[in-house]
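Commentary on secondary and tertiary structure
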Amino acid sequence: MARRFVWVIALVVILAAQPVSGQDDPAAGSSLLRLLAYVPDTPQNRNWIAYGDSAAWHTAWGVPRVDSLEAVNALDEQQRNQWMYLLTMQATPPEVMAVQYLFAEAEDQRATYGFNFFDLERGLEAGAPPDRLSLLELAVEPETIGTALAATGYASGPLGAAGTLYSLREDYALDAAFPLTSGKLSVRNRIGLLDRLVVVGSATAVVDSAAQAAAGELPTLADDPVYRAAVGVVESDPTLAQTGPLIGAILLPPAMLAGDAGTPRPAFQLAAFATRHTLPAQEAAPEPGGATSLVLALVLDAGADAEAEAQGLADRLAGYVSQRTHAPLNEQWTALDAFATEAEGLPVAVVVLRIDDPVPAADGIPVVNRFGWVMLIQTRDVGFLAEE
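Report on the accompanying structure. The structure presented is a predicted model; accordingly, all values stated were derived computationally and were not measured.

Considerations on the environment of Y166
- Within the secondary structure, Y166 sits in strand β6 (residues 163-167).
- Between the alpha carbons of Y166 and R190 there is a distance of 5.7 Å; along the sequence they are 24 residues apart.
- Setting aside residues up to four positions removed in sequence, Y166 forms contacts with G146, L149, Y154, A155, S156, N189, R190, I191 and L193.

Some thoughts on the pairing of strand β7 (residues 190-194)
- In terms of residue burial, β7 counts as a mostly covered element, since five of its five residues are buried.
- Taking every second residue as pointing to the same face, both faces of β7 are buried, with R190, G192 and L194 on one and I191 and L193 on the other.
- Pairing of β6 with β7, which is carried by four bridges, proceeds in the antiparallel orientation. When the bridges of β7 are listed, S167 appears paired with R190.
- Bridge count for β7 against strand β8 (residues 197-201) is five bridges, and the pairing is antiparallel. Counterpart to G192 in the pairing with β8 is V199.

As for the packing of helix α7 (residues 102-113) against helix α8 (residues 142-152)
- At a minimum axis separation of 6 Å, α7 and α8 run at an interaxial angle of 90°. Overall, the two elements α7 and α8 adopt an arrangement that is roughly perpendicular. Contacts between α7 and α8 involve R110, A111, T112 and Y113 from the first element and I145, A148, L149 and T152 from the second.
- The residue makeup of the contact of α7 with α8, split by class, is five nonpolar, two polar and one charged.

Describing helix α10 (residues 225-236)
- The terminal C-alpha atoms of α10 lie 16 Å apart, and with twelve residues this matches the ideal 16 Å at 1.5 Å per residue to within 8%.
- Burial analysis of α10 places nine of its twelve residues in the buried class, the great majority of the element.
- Those residues of α10 lying buried are V226, Y227, R228, A229, A230, V231, G232, V233 and V234.
- Where α10 begins, the side chain of D224 points an oxygen toward the backbone nitrogen of V226, at a separation of 2.7 Å.

Observations concerning the nonpolar core
- In this structure, W83, F273, L296 and F384 are the most contacted members of the largest nonpolar core, which totals 73 residues.
- The element that contributes the greatest number of residues to this core is helix α11 (residues 306-319), accounting for five residues.
- The residues contacting L296, other than those within four sequence positions of it, are A271, A272, F273, L313, A349, V350, V351, W373, F384 and L385.
- Among the nonpolar cores identified, the runner-up in size contains 48 residues, and L135, L194, A211 and A222 belong to it.

Topic: the packing of aromatic side chains
- Under the criterion given, the structure shown has seven aromatic pairs.
- Taken together, a centroid distance of 5.8 Å and an interplanar angle of 20° make the contact between W83 and F118 stacked. One end of the pair, W83, is in helix α5 (residues 77-85); the other, F118, is in the loop between α7 and β3 (120-126), with 35 residues separating them in the sequence.
- Ring geometry for F273 and W373: centres 5.2 Å apart, planes at 75°, overall edge-to-face. Highlighted residues: F273 in strand β10 (residues 268-278) and W373 in helix α12 (residues 373-378), separated in sequence by 100 residues. Like F273, the residue W373 is buried in the burial classification.
- Among the aromatic residues, ring-to-ring pairing joins F273, Y320, W373 and F384 into one connected group.
- The ring centre of F178 lies 5.7 Å from the NZ or CZ of R169, which sits over that ring.
- Sitting over the face of the ring of Y113, R188 holds its NZ or CZ atom 4.2 Å from the ring centroid.

Analysis parameters
- Residues numbered from 1 in each chain as written.
- Predicted model: local features only at pLDDT ≥ 70, side-chain atom pairs only at ≥ 80, totals over all residues.
- Heavy atoms only, no water.
- Helix = DSSP H or I, 4+ residues; strand = E, 2+ residues; numbered from the N terminus.
- Contact = heavy atoms within 4.5 Å.
- Buried < 20%, exposed > 50% of the residue type's maximum accessible area, 1.4 Å probe, protein only.
- Pairing = 2+ DSSP bridges.
- Axes fitted to C-alpha atoms, helices over the stretch in contact; angles between N-to-C directions.
- Parallel < 35°, antiparallel > 145°, perpendicular 65-115°, else oblique.
- Nonpolar A, V, L, I, M, F, W, Y, C, P; charged D, E, K, R; others polar.
- Expected span 1.5 Å × (residues − 1).
- Polar contact = N/O pair within 3.5 Å; in protein donor to acceptor, adjacent residues only side chain to side chain.
- Core = buried A, V, L, I, M, F, W, Y, C linked by side-chain atoms within 4.5 Å.
- Phe/Tyr/Trp six-rings, centres within 6.5 Å; stacked < 30°, edge-to-face > 60°.
- Lys NZ or Arg CZ within 6 Å of the ring centre and 35° of its normal.

Take a look at the structure:
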């Protein structure tokens, strides 16, 4: 297995510790930090952050945007398989988008709520049910959403200083008689329109917390140097410049990654599991093909040896046997890189798994590699983060 280790010596200042809402903030161009500025800094929200950029995914894979099931079916077979099997795995859309019901009720969702999964530009979910907070950036005008929600029976009221909160049923209430399967649970009881952002939750307090965070009334995860460091590295570290744009990230504390895997090693404050993709090179190059890069960045305690920790983590990944498939994990990638960097004054250990885009089979049948971070996280197959 090819492996190279790149050690970054110079200090890389990724982000400055300024209020995220500031116009001169160097983090203002970060889509992930922009959404984290709506997420209150609470223990529950820290336990699960999943971010996906569907717009960036389409660009990075060269797959045209689609707005209906008919448009999906009109894609060529390779692009259709990529859309169906890779988009949701790599860009990790919020569960509230009800992708699992899309093929049964896509247009009904759009008529009922004013939007569906096809309209998603990027999104983030934080925490766990029943208080999970979902943030959506949609290619739909707020007026269209508001009109649809009013017609469905949502009552409207103020949200923050200038937003609108649409409410259906009591907090956390279910409705088994609701005509759409995606609407029977409580996850869409409250839908807020705030700064062109759609905020979704099961109760008023959940959605209102995002408005309070955006107004500076609550501390947010975007204010935390640890989260800013993690985002800065996976989104814009210069060493990753050739791996394409960030299309998805899951941010987890060590407590959520221990469990069956044992004590986390190395000791870290936050793990960022990120996915990036680059299209095939237009001109001849040593590695001309497109590839997915799975980036794992561990934000360490101040003073930790990030170079040693990055190399140790790379070695464990290289020799790790999946607890789920009982096969060596390194069969899934073609190269493994490791490097150390620094962001927000904190050392960060980084490993990168390169997965070359598969070549279609000789008989022309499209091939899709469905390996990704979300599979390992959901099945708790993260023993490479445990002490030996």
